[in-house]
Amino acid sequence: MTPTPTDGLPVPQRYGAILAIALGITVSVLDGAIANVALPTIASDFHASPATSIWVVNAYQLAITISLLSLASLGDIFGYRRIYQTGLLVFSITSLFCALSDSLLTLTVARVLQGFGAAAIMSVNTALIRIIYPQRFLGRGVGINALIVAVSAAAGPTIAAGILSVASWQWLFAINVPIGIVALILGLKFLPANSTRSQGQRFDITSSVMNALTFGLLISAISGFAQGLNHMLILGEVIALLVIGWFFVRRQLTRPFPLLPVDLLRIPIFSMSLGTSLCSFSAQMLAFVSLPFFLQNTLGLNSVETGLLLTPWPLATMVMAPIAGRLVERFHPGMLGGIGLVVFSFGLFSLSLLPPEPSHLNIIWRMLLCGAGFGLFQSPNNHTIISSAPRNRSGGASGLLGTARLLGQTTGAAMVALMFNLFPQHGTHASLILAGTLAGTGALVSLLRMTQKTSSQREAENARQ
């Protein structure tokens, strides 16, 4: 492999590399969403209770969350391309294991292993974008990546319903195998090696274990509280989380290359952008998990109609995300993100004000608002997160970006359960109001970022000096 150019890849190779990343990210994000639709069928096939079958979803998300930062660190050490290709291989093989599973236990174990493969893909994909695209076009690359992630997450239920209408649930996983193989072949041919790597960095096993325990306990405590589990058990998890988390953060502060990149969190625009990402994905999941209950239980729509009414959201995101990726080359990402989250918040509040028997058009324009606002925010925000970190720390920044997204999605889904427990008759309404509030809070933080210089502004100042 010829050395990677310092400022992006030439156009033919760039297109092949971005396609390899797009395919890998699509299947890894999609698999976090499509299994929800098949859970009743899976539970029936394996004679399992609904509560037990939920582990098919939880095992995948948990595996990704506890390993994402560790794999991002390995990317900084061994190269993003190598970690990404290993992730694709593991994901493809374990997808086949999922399809061939003959019990809920074997399926759950396969989903854990599949989650580790997905984590390897997600941990370094944004870091790869940074070395694939020239600096002046980085916004476009991040915009495409944000588009793929957002649309894959939002369109999961619709795609799953389409597959299940013509095939068994096993095909939800089997279809990943040929896509993964194509992505792997493209990656071997087109993906670049790191232009710079962290010199002297070693993998910190102790920090990796502490990281897994910290995030695992955090997710377990949030989900347990939302589902009304034993309060003493949740209290024990919170105490263990605080103790382990305290020692984990203390350890990171003394490391030259921390697994949890606390040094990057000291960059104001980086930490503010990460906070807005957490708010936006929490708001998105609050809406997307709660709305089907309203559409089906209250309005009496079937699953196909529900999927079609949810589709305008990802379609609007699909249109807006690439546009936002270009706009960030001209306007401050804090302003673009703030405007996007204001539109997103307005769309969520307008959904909470739907009349008892709304027309389809009444629902669709609100969905379009949400999707457009989300797309306008996401691309500039991701661009800011990845570009505000030093180039040789792109893996850590990419891992933290993915962790914020997963934590936001997990927290949002858990808060839906909490809202339905607190407001049994108006769970969707309460979830949408909370989602709109989170998006509005994120908008304020995003607009405050306009007081901070972006990386391109700092580079321009240094060039003039």
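Nothing here was measured: the structure is a model prediction, and the numbers come from that model.

Rules and cut-offs
Each chain has its residues counted from 1, running along the sequence as written. Under the rules for a predicted model, residues below a pLDDT of 70 receive no local features and side-chain atom pairs below 80 are neither given nor counted, while totals for whole chains, interfaces and linings still include all residues. By convention in this description, side-chain values take in all heavy atoms of the structure and omit both hydrogens and water. Here a helix means four or more residues in a row that DSSP labels H or I, a strand means two or more in a row labelled E, and each is numbered from the N terminus. Identification of polar contacts relies on pairs of N or O atoms within 3.5 Å, with a donor-acceptor requirement for protein atoms, meaning one able to donate a hydrogen and the other able to accept it, and with residues adjacent in sequence counted only if both atoms are side-chain atoms. Residue contacts are counted whenever heavy atoms from the two residues lie within 4.5 Å of one another. Only buried residues count toward a nonpolar core. Its members are Ala, Val, Leu, Ile, Met, Phe, Trp, Tyr and Cys residues joined through side-chain atoms within 4.5 Å. Type-normalised accessible area, obtained with a 1.4 Å probe on protein chains alone, sets the label of each residue: buried when under 20%, exposed when over 50%, and partly exposed for intermediate values. Residue-level confidence of the predictor, termed pLDDT, takes values from 0 up to 100. Only the six-membered ring of Trp is used, alongside the rings of Phe and Tyr, when aromatic pairs are assigned; centres must lie within 6.5 Å, and planes under 30 degrees apart are stacked while those over 60 apart are edge-to-face, with the rest tilted. For a Lys NZ or an Arg CZ to count as sitting over a ring, it must be within 6 Å of the ring centre and within 35 degrees of the ring normal. Comment: axis = line fitted to C-alpha atoms, over the contacting stretch for helices; angle = value between 0 and 180 degrees taken between N-to-C directions. Take the far helix as your reference; a near helix turned counterclockwise from it by less than a right angle gives a left-handed crossing, and one turned clockwise gives a right-handed crossing. Residues are sorted three ways: Asp, Glu, Lys and Arg are charged, Ala, Val, Leu, Ile, Met, Phe, Trp, Tyr, Cys and Pro are nonpolar, and all the rest, Gly among them, are polar. Here the expected span of a helix is defined as 1.5 Å times the quantity of residues minus one. By definition, a salt bridge exists where a carboxyl oxygen of Asp or Glu is found within 4 Å of a side-chain nitrogen of Lys or Arg. Two distance rules govern patches: like charges are joined within 9 Å, and nonpolar side chains (Val, Leu, Ile, Met, Phe, Trp, Tyr) within 5 Å, applied only to residues with over 30% relative accessible area and no salt bridge. Residue burial considers only the protein chains on display, and all accessible areas are found by Shrake-Rupley using a 1.4 Å probe.

**What to know about the side chain of R111**
- The topology assignment puts R111 in helix α6 (residues 104-132).
- Engagement of the side chain of R111 in a polar contact is seen with the side chain of Q114, the distance being 2.9 Å.
- Among all residues touching R111, those that are not within four sequence positions of it are D31, A35, V56, V57, A59, Y60, C98 and F173.

**Let's talk about the nonpolar core**
- Formed by 59 residues in total, the largest nonpolar core has its most connected members in I21, I25, I64, Y84, L128, I132 and L191.
- No other element matches the 11 residues that α6 contributes to this core.
- Leave out the neighbours within four places in its chain, and I64 touches G115, A118, A119, M122 and L406.
- Grouped together as the second largest cluster of nonpolar side chains are 29 residues, L295, L348, M367 and F374 included.

**Here we look at the environment of A389**
- When you line up the elements, A389 lands in the loop between α17 (360-387) and α18 (394-422).
- Classification of A389 by relative accessible area gives buried; the value is 4%.
- Sequence-wise, A389 and L264 are 125 residues apart; in three dimensions their C-alpha atoms are separated by 6.6 Å.
- With sequence-adjacent residues up to four places away left out, A389 is seen in contact with R130, L264 and A397.

**Some thoughts on the confidence of the model for the protein chain**
- Mean pLDDT over the protein chain stands at 83; residues scoring 70 or higher make up 91%.
- Confidence over residues 1-5 falls short of pLDDT 50; this stretch has 10 contacts with residues more than four positions distant or in other chains.

**Quick word on the packing of aromatic side chains**
- Enumeration according to the criterion identifies 7 aromatic pairs in this entry.
- Relative to F374, the ring of F281 has its centre 5.4 Å away and its plane inclined at 85°; by these criteria the two rings are edge-to-face. You can see F281 sitting in helix α13 (residues 268-298) and its partner F374 sitting in helix α17, a full 93 residues away along the chain. The exposure classification of F281 matches that of F374, with both residues buried.
- When the centroid spacing of 5.7 Å and the interplanar angle of 80° are considered together, the rings of W313 and F344 count as edge-to-face. Residue W313 is located in helix α15 (residues 312-327), and its partner F344 is located in helix α16 (residues 333-352); the two are separated by 31 residues in the primary sequence. There is no split in this pair, since W313 and F344 are both buried.
- In textbook terms, an aromatic cluster arises when at least three aromatic residues are bridged by ring pairs, as seen for F281, F288, W313, F344 and F374.
- In this structure, R111 is placed above the aromatic ring of Y60, and the distance from its NZ or CZ to the ring centre is 4.3 Å.

**Things to note about the side chain of S446**
- With respect to the element layout, S446 can be found in helix α19 (residues 427-448).
- With near-sequence residues (within four places) excluded, S446 lies in contact with T276, P333, G334, G337 and G338.

**Topic: the packing of helix α4 (residues 55-78) against α6**
- Two numbers describe how α4 lies on α6: the axes approach to 6 Å, and their chain directions differ by 35°. Helix-helix and strand crossings are classified by hand; for α4 and α6 the assignment is right-handed.
- Partitioned by chemical class, the residues of the contact of α4 with α6 number 20 nonpolar, 6 polar and 1 charged.

**Details of α19**
- For α19, spanning 22 residues, the distance from its first C-alpha to its last is 32 Å, which sits close to the expected 32 Å at 1.5 Å a residue.
- Among the residues of α19, those classed as buried are G427, T428, A430, S431, L432, A435, G436, L438, A439, G442, A443 and S446.

**Focus on α17**
- With 28 residues, α17 ought to run about 40 Å at 1.5 Å a step, and its terminal C-alpha atoms sit 41 Å apart, in line with that.
- Most of α17 sits out of view: 21 of its 28 residues are buried.

**As for the pattern of salt bridges**
- Counted by the stated rule, this structure contains 3 salt bridges.
- Notably, a salt bridge pairs R111 with D31, separated by 3.7 Å at the nearest N-O pair. You can see R111 sitting in helix α6 and its partner D31 sitting in the loop between α1 (11-30) and α2 (35-45), a full 80 residues away along the chain. By the burial criterion, R111 is buried, and D31 matches it.
- For D204, the salt bridge identified is with R255, shortest N-O distance 3.2 Å. Residue D204 is found in the loop between α9 (176-190) and α10 (205-226), and its partner R255 is found in the loop between α11 (231-253) and α12 (262-265); the two are separated by 51 residues along the sequence.
- Accessibility expressed as a relative area gives 11% for D204, which makes it buried.
- Look at the salt bridges and you will find they share partners, linking D204, R251 and R255 into a network.

**Digging into a nonpolar patch on the surface**
- Together, M232, L235, I239, V243, W246 and F247 line one region of the surface with nonpolar side chains, adding up to about 640 Å² of accessible area.
- Counting through the fold element by element, L235 comes out in helix α11.

**Overview of the environment of S280**
- Checked against the element boundaries, S280 lands in helix α13.
- Residue classification places S280 among the buried residues on the basis of a relative accessible area of 1%.
- Considering only alpha carbons, one finds S280 and L341, 61 residues apart in sequence, at a separation of 7.7 Å.
- One polar contact links the side chain of S280 to the main-chain carbonyl oxygen of S277, over a distance of 2.9 Å.

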